[in-house]
Amino acid sequence: MNITKNIHEWLFSLMPEATASIVEMVLIAVVYLAIFAVAGLYLVLLERRVAAWFQLRLGPNRVGYQGLLQTMADALKLVSKELTVTIKADKFLYNLAPYFVIVTALMALSLFPFSKEFQAFDINIGIFFLTAISSIGVIGILLAGWSSNNKFALIGAMRSGVQTISYELSVGLSLLTMVLMTGSLQLSQIVEVQRGGWLIVQGHIPAVIAFCIYMIAGTAETNRAPFDLVEAESELGAGFHTEYSGMKFAYFFLAEFINMFIIAAIATTIFFGAHLSPFGITDNIPILGVFWFLAKTLVLIFLMMWFRWTFPRLRIDQLLVLEWKYLLPLNLINLILMALIVLLKLTIHF
């Protein structure tokens, strides 16, 4: 039985329906906020370790054992820093912008099936909801750049808008290719389809192509190198969050890493069976499902970090040429190819 269903029934047996609903929502929010904070801090440490490994240096090694508490120290420093704002900034939008990126990331996290029993929000339009929510996050970046009244922040925000609109197409078409194969937008049903084998294996060459395009476009969606024109330090200072400090800057910083987790988690769910064991073992123990989900996701996150510390930053014209001249046409051809494979399978089965 689903863990959330058990908690739901227990709460409703203890208190009135309205109170139980509120308590239930608060508990779920607290759990996902904890996941958000822990995942963000751990991924920052992992990024530093991977960067040090690629560059043959030590990385964080002073605060805590082997530098494990370094990100905690950084978080405490950011909490204690003064929150500054420029005189001519639009203060309302300036303060609102960081919450856009945080809230959208939290809403996306709630859909992932960490195990068969650990999924807060399972709806029949799961993938559509994820793509819609991930598109809203860019509004926070645009607001941050415009409201700061800083030309470098505005340029970074406009670049983010162009980049997100462009690469969102490839992300959506890659996922649509797999939806065509599974016949469902619901994440739990897509996972169930993969009990006989991961979709990247069942879907043959079109699935592999869709995965490769998704990872490239997904990395661009997170504004990470080699697609980090949004906050190109050598050109724009810190890009759209140049005027942010303290915890407001930390919100943008953590959101980047959580978005990276979200991109990797979507790929894990769609292409690699989410919480299903790669050895065909049944997932009766919830903690094993969580382990496999996180293990697969971390491998894909490492792949994204590998991109960052291997390839140089693209120019804006190269960024757009890659999407509109190469990824998008290839995605459309791949979608047609997948449709033909599905049609042939249905015809043979009929």
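Not measured: the values here are computed from a predicted model.

Visitor: Help me get a handle on the overall build of the chain, residues and values and all.
Guide: Regarding its fold elements, the chain presents 13 helices and zero strands. Its helices and strands in sequence order give the chain the pattern α-α-α-α-α-α-α-α-α-α-α-α-α, from N to C terminus. On C-alpha atoms alone, the chain measures out to a radius of gyration of 21 Å, which is about the 20 Å that the 2.2 N^0.38 rule sets for 350 residues. Each principal axis of the C-alpha distribution contributes one length, and for the chain these read about 70 × 60 × 40 Å. The proportion of buried residues among the 350 residues of the chain is 48%. Nonlocal contacts in the chain, meaning residues at least 24 apart in sequence, comprise 77% of its contacts between residues at least 6 apart. About 17600 Å² of surface is accessible on the chain, with carbon and sulfur atoms providing 73% of the total. Side-chain charges of the chain comprise 21 positive and 21 negative groups, with the mean position of each set lying 8 Å from the other.

Visitor: Could you give me a rundown of helix 11 (residues 246-271), with the residues and numbers involved?
Guide: Taking 1.5 Å per residue as the helical rise, helix 11 with its 26 residues ought to reach 38 Å, and the 38 Å between its terminal C-alpha atoms agrees with that figure. Counting buried residues in helix 11 gives 21 out of 26 residues, a clear majority hidden from the surface. Immediately downstream of helix 11, the backbone of G273 shows phi near 75 degrees, a positive value.

Visitor: Give a description of helix 3 (residues 70-80) that names residues and reports values.
Guide: Inspection of helix 3 places Q70, T71, D74 and L78 among the buried residues, and these make up the whole buried set. Looking straight down helix 3, one finds its buried side chains confined to an arc of 95 degrees; they lie on one side. Across helix 3 from its buried face, at more than 90 degrees, point the exposed residues L76, V79 and S80.

Visitor: Residues and numbers for the environment of S147, please.
Guide: Note on placement: S147 falls in helix 5 (residues 126-147). Overall, the relative accessible area of 1% leaves S147 in the buried class. It is 9.8 Å that separates the C-alpha atoms of S147 and E243, two residues lying 96 residues apart in sequence. Leave out the neighbours within four places in its chain, and S147 touches A89, D90, L93, Y94 and Y244. Within the structure, S147 has its side chain in polar contact with the backbone oxygen of L143 (distance 2.6 Å).

Visitor: Help me get a handle on a nonpolar patch on the surface, residues and values and all.
Guide: Side chains of I7, W10, L14 and L27 sit close together on the surface and give an oily, nonpolar patch of about 410 Å² of accessible area. With three residues, helix 1 (residues 3-14) is the single largest residue contributor to the nonpolar patch. Inspection of the secondary structure assignment puts L27 in helix 2 (residues 17-54).

Visitor: An account of the packing of aromatic side chains is requested, with residue identities and associated values reported.
Guide: In the structure shown here, the tally under the stated rule is 21 aromatic pairs. The interplanar angle of 20 degrees and the centroid separation of 5.9 Å between the aromatic rings of F249 and F253 together place this pair among those described as stacked. Placement of both F249 and F253 in helix 11 is noted, with a separation of four residues, approximately one turn of the helix. Between F253 and F257, the aromatic rings sit 5.3 Å apart at their centres with planes inclined by 65 degrees, giving edge-to-face as the arrangement. Of this pair, F253 and F257 both sit in helix 11, four residues apart, which is roughly one turn of that helix. Judged by relative accessible area, F253 falls into the partly exposed class, the value being 32%. Residue classification places F257 among the buried positions, given a relative accessible area of 3%. What links up through ring pairs into an aromatic cluster is the set W198, F211, Y214, F271 and F272.

Visitor: Describe the nonpolar core, with residues and values.
Guide: F112, M178, Y214, I270 and F271 are the most contacted members of the largest nonpolar core, which totals 81 residues. If you tally residues by element for this core, the top one is helix 11, at 15 residues. When residues no more than four places from it in sequence are discounted, the contact partners of F112 are F118, Q119, L130, I262, A265, I266, T269 and F293.

The rules behind these values
Along each chain, the written sequence defines residue order, and numbers are assigned to residues from 1. The model is predicted, so local features are restricted to residues of pLDDT at least 70 and side-chain atom pairs to those at 80 or more, both for listing and for counting; the totals for chains, interfaces and linings are taken over all residues. With hydrogens and water set aside, each side-chain value is computed from the structure's full complement of heavy atoms. For the purposes of this entry, the term helix denotes a DSSP run of H or I that reaches at least four residues, the term strand denotes a run of E that reaches at least two, and both are numbered from the N terminus. Two things to know: the radius of gyration comes from C-alpha atoms, and the globule rule equals 2.2 Å times the number of residues to the power 0.38. The rule is simple: take the accessible area with a 1.4 Å probe, protein chains only, and divide by the maximum for that residue type; under 20% is buried, over 50% is exposed, in between is partly exposed. Two residues form a contact once any of their heavy atoms are found within 4.5 Å. Each accessible area is a Shrake-Rupley result for a 1.4 Å probe, and residues are judged covered by the shown protein chains and nothing else. The convention is simple: Lys and Arg are positive, Asp and Glu are negative, and His and the chain ends are not counted. One atom stands in for each charge, and that atom is NZ of Lys, CZ of Arg, CG of Asp or CD of Glu. In a helix, the anticipated span is given by 1.5 Å times the number of residues less one. Here the arc refers to the set of directions running from the helix axis out to each C-beta atom. Any pair of N or O atoms that falls within 3.5 Å is considered a polar contact. Within protein, one atom must be able to donate a hydrogen and the other to accept it, and sequence-neighbouring residues count only if both atoms are side-chain atoms. Patch members must show over 30% relative accessible area and no salt bridge, and they are joined within 9 Å when carrying like charges or within 5 Å when they are nonpolar side chains of Val, Leu, Ile, Met, Phe, Trp or Tyr. We count a salt bridge whenever a side-chain nitrogen from Lys or Arg sits within 4 Å of a carboxyl oxygen from Asp or Glu. Classification of ring pairs uses Phe, Tyr and Trp, with its six-membered ring standing for Trp, and accepts pairs whose centres are within 6.5 Å; under 30 degrees between planes counts as stacked, over 60 as edge-to-face, and the remaining range as tilted. Put simply, buried Ala, Val, Leu, Ile, Met, Phe, Trp, Tyr and Cys residues joined by side-chain atoms within 4.5 Å make one nonpolar core.

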